[in-house]
Amino acid sequence: MAILTSNDRSVRPASKPAQEDSWQAEIRQAVRTSSELCRRLGLSESLACDAAVGAAQFPVFVPPGYLARIEPNSPHDPLLRQVLPLGGEGKAVDGFTADPVGDELAALHPGVLQKYQGRALLIATGSCAVHCRYCFRRHYPYEEVPHSEAAWDSALTAIAEDPSITEVILSGGDPLMLVDSRLAMLVGKIADLPHVTRLRIHTRLPIVVPLRVTDELLQTLTDTRLTSVIVVHTNHARELAHDVAVALSNLRDAGITLLNQAVLLRGVNDSVDAQRELSERLVAVGVLPYYLHQLDRVAGAAHFEVPIAEGKQLVGELRRQLPGYMVPRYVQEIAGETNKTVLA
Ligand SMILES: *Cc1c(COP(=O)(O)O)cnc(C)c1O
Ligand code: SF4
């Protein structure tokens with residue numbers, strides 16, 4: 001990932017738009033330790049110590065714009081809980097494993113997963129703008145992700161050889177961690193595959209660092225012949241701050257279909273009120289709720305699990321209270337299945 005150093009920035013011509021610099025600068029300023037996170041939020045040192053085991057497995061990473069949305073002095077804040085390792089992360093729990101969704105079985109080629117008909121998922125980069133504690137990719141072997149242009153070419157060759165693939169899904173990590181020039185190049189190469197008609201990007205960046213929605217990104221997505229769909233990832237209404245709403249509205253104005261996926265998380269969004277507020281806020285900012293995922297049983301995330309029976313009840317109640325288009329499909333990914341399993 002080509003994050004510019006401050007030296008590079010100083011030699012940059014003054015006329016060059018500064019947008020790419022500003023989102024990267026925000027990511028460089030991320031809080032990277034639990035003690036710093038707790039200190040900035042007025043939380044006790046003991047919470048920070050509890051976090052040590054989890055942080056050693058998967059480091060803390062929270063950029064300042066997301067930090068600003070967390071309520072200070074509030075250890076149970078639903079945004080904080082997504083980014084602060086809790087003591088429970090260190091406990092081994094039966095059934096919680098390193099590869100709960102069978103990704104290692106589904107690799108078509110290094111960096112390309114094909115689990116479902118017609119769709120290939122390309123792992124464009126291993127990095128993210130935030131580290132979500134429940135993430136099923138926390139143990140993923142990202143060293144194998146293609147980084148060079150030549151490695152991408154060979155991943156794309158695997159897709160080129162299968163004309164049944166009509167949609168390429170960029171995932172990661174977070175594919176919008178790629179700088180605009182590299183992303184434009186990748187989108188161009190995908191558009192060169194005649195059987196591919198849709199480009200889907202799964203990203204949390206417009207939510208975490210809304211500055212990432214640069215003019216150049218909008219240009220890349222509008223110039224392509226591919227139909228662009230972006231699936232953002234929001235778990236709580238408070239993540240959708242004003243600057244996020246502006247970024248999403250720019251994406252929508254560019255004609256991009258916007259969907260949201262969330263994960264059902266204990267202590268974050270495991271109530272009818274939290275889910276209803278999330279759906280209402282999403283629709284208000286032009287995003288349709290797509291999926292509510294049952295937590296993948298990844299080692300270190302057991303404290304986030306909500307039993308499926310409780311999840312079904314919750315979604316059932318949501319369906320009574322909201323218009324149908326505001327209710328996400330409650331789904332689970334089961335290794336070896338040919339599609340995501342709809343639970344409710
Ligand atoms: C979730 C997923 C998809 C997309 O599934 P949809 O139901 O079309 O959203 C595709 N490939 C992989 C590997 C996935 O995990
Ligand atoms: S942004 Fe997505 S891939 Fe990255 S840690 Fe969070 S959930 Fe995982």
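No experiment lies behind these values; they were computed from the predicted model shown.

So, on to the domain arrangement of the protein. Domain annotation of the protein identifies domain 1 (18-90) and domain 2 (107-342). Look at where the C-alpha atoms of domain 1 and domain 2 centre, and you get two points 22 Å apart. With 31 residues of domain 1 in contact, the opposing surface of domain 2 contributes 38 residues. Both faces considered, domain 1 and domain 2 share a buried interface measuring about 2,900 Å² in area, 56% of it formed by carbon and sulfur atoms. With a closest N to O distance of 2.5 Å, Arg 238 and Asp 77 form a salt bridge. Where the side of domain 1 that touches domain 2 is concerned, the elements lending two or more residues are α2 (19-28), α5 (52-57) and α7 (80-83). If one sorts the elements of the side of domain 1 that touches domain 2 by residue count, α2 sits on top with seven residues.

This chain's UniProt record puts "binding site: [4Fe-4S] cluster" (unreviewed entry) on Cys 128, Cys 132 and Cys 135. Those annotated residues that line the largest pocket are Cys 128, Cys 132 and Cys 135. Tracing the backbone shows Cys 128 in the loop between β3 (119-123) and α8 (149-160). Setting aside residues up to four positions removed in sequence, Cys 128 forms contacts with Phe 61, Gly 173, Asp 174 and Met 177. Residue position: Cys 132 is located in the loop between β3 and α8. Given the relative accessible area of 9%, Cys 132 is considered buried. If we ignore the near neighbours within four places in the chain, the residues touching Cys 132 are Phe 58, Gln 82 and Arg 204.

A separate point is the site of ligand 2. Within the structure, ligand 2 sits among Cys 128, Val 130, Cys 132, Cys 135, Gly 173, Arg 204 and His 233. More than half of the atoms of ligand 2 fall within 2 Å of the grid points belonging to the largest pocket. Taken together, the residues of the shell around ligand 2 sort by class into four nonpolar, two polar and one charged.

The rules we used
- The residue numbering used here restarts from 1 in each chain and proceeds along that chain's sequence as written.
- All chains are assigned letters beginning at A, and all ligands numbers beginning at 1, according to the order in which they are written.
- Note on the predicted model: pLDDT of at least 70 is required for a residue's local features to be given, and 80 or more for side-chain atom pairs to be given and counted; whole-chain, interface and lining totals, by contrast, use all residues.
- Note: side-chain values were computed over all heavy atoms of the structure, leaving out hydrogens and water.
- Residue ranges for the domains trace back to a domain assignment, done automatically or taken from a database.
- By the convention used here, residues are in contact when the closest approach between their heavy atoms is within 4.5 Å.
- Buried area is calculated as the accessible area (1.4 Å probe) missing from two parts once they are joined, with the contributions of both summed.
- Each reported salt bridge corresponds to a side-chain nitrogen of Lys or Arg within 4 Å of a carboxyl oxygen of Asp or Glu.
- Counting from the N terminus, the helices are the DSSP runs of H or I reaching at least four residues and the strands are the DSSP runs of E reaching at least two.
- UniProt positions are given in the numbering used here, feature names are shortened, and annotations may be inferred rather than shown by experiment.
- Using a grid of 1 Å spacing that covers the protein atoms alone, one calls a set of points a cavity when a 1.4 Å probe fits there but cannot get out, and a pocket when the set is open and has protein on both sides within 12 Å along at least five of seven lines; lining residues are those with an atom within 4 Å of a point.
- Here's how the labels work: a residue is buried when its accessible area is under 20% of the maximum for its type, exposed when over 50%, partly exposed in between, all with a 1.4 Å probe on protein chains only.
- We call a residue near a molecule or strand when any one of its heavy atoms sits within 4 Å of it.
- Being in a pocket or cavity means that more than half of the molecule's atoms lie within 2 Å of its grid points.
- Each residue receives one of three labels: charged for Asp, Glu, Lys and Arg, nonpolar for Ala, Val, Leu, Ile, Met, Phe, Trp, Tyr, Cys and Pro, and polar for the others, Gly being one of them.

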